[in-house]
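Read off the chains here:
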Amino acid sequence: MDASHSRRRAYISLLVISYSYVFGLASNLNISNDARGSKIEITNSRSSSTDYGTDTGKQYIMCTESNLQDPWVLSCKTSKDVVTRINFADYGNPSGKCEHYRHGNCGAKATMDVVKKNCLGKHNCVIIDNDEMFGASHCNKDIKFIVQYTCTKA
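Residues numbered from 1 in each chain as written. Predicted model: local features only at pLDDT ≥ 70, side-chain atom pairs only at ≥ 80, totals over all residues. Heavy atoms only, no water.

Throughout the structure, instances matching the rule amount to 4 disulfides. Sulfur-sulfur distance for the disulfide between Cys-76 and Cys-151 comes to 2.1 Å. Residues Cys-76 and Cys-151 share a disulfide whose torsion about the S-S bond is about -90°; that sign makes it left-handed. Here Cys-151 lies in strand β7 (residues 144-152) and Cys-76 lies in the loop between β4 (72-75) and β5 (82-92), a separation of 75 residues in the sequence. Residue Cys-106 pairs covalently with Cys-139 via a disulfide, S to S 1.8 Å. Since a negative S-S torsion denotes a left-handed disulfide, the Cys-106-Cys-139 link at about 90° is right-handed. Pair noted here: Cys-106 is in the loop between β5 and α2 (111-119) and Cys-139 is in the loop between α3 (131-134) and β7, with a separation of 33 residues, a long-range link. Each member of the pair, Cys-106 as well as Cys-139, carries the same accessibility label: buried. Assigning the bonded cysteines of the protein consecutive numbers by sequence position, one obtains the connectivity 1-3, 2-8, 4-7, 5-6. (Disulfide = S-S within 2.5 Å. Helix = DSSP H or I, 4+ residues; strand = E, 2+ residues; numbered from the N terminus. Buried < 20%, exposed > 50% of the residue type's maximum accessible area, 1.4 Å probe, protein only.)

The subject of this paragraph is the sheet that holds strand β3 (residues 59-66). With antiparallel pairing, 3 strands are arranged side by side in an open sheet as β3-β7-β5. Of all the strands in the sheet, the pair left with one neighbour each is β3 and β5. On average, each strand axis in the sheet is tilted by 15° relative to the strand beside it, whichever way the strands run. With 9 bridges connecting them, β5 and β7 associate as antiparallel partners. Within β7, the residue paired with Ile-86 across the bridge is Tyr-149. Sheet strands touched by α2: β5 and β7. Its angle to β5, the strand with the most contacts, is close to 150°. (Pairing = 2+ DSSP bridges. Axes fitted to C-alpha atoms, helices over the stretch in contact; angles between N-to-C directions. Contact = heavy atoms within 4.5 Å.)

Coordinates in, geometry out; function isn't part of it.
Okay, here's the thing in structure tokens:
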């Protein structure tokens, strides 16, 4: 890893911490490593997700969309619930509505793996929705990040 890559990771970490402090996203930060070298978890945060999905009693589906508002918190409804399945994830030009999303033709291939690695088994996680996190999306414009996930009640 070269020095410019290390500086970039440090800069991204500082941005996440600054956003978290300014916007009240977190009361506890945990910074550790992921496949790309860094992962930032925020616990006890406010959820930026919108609940559009079905609720079966023990599990419920959450769907959330972002037009690249960096960083971005994926979260279950309560602090005891955990993400148990990533049903859909695309960074590119996905379309559709909750529980009926479709992949576009220019999405980043690593999106599902990155979201699973960072979010499964946790109440919430931070996703930095950009090309550095997921790899190039190959989209020319209107890049979106959509995740549909299942939370299980504790």
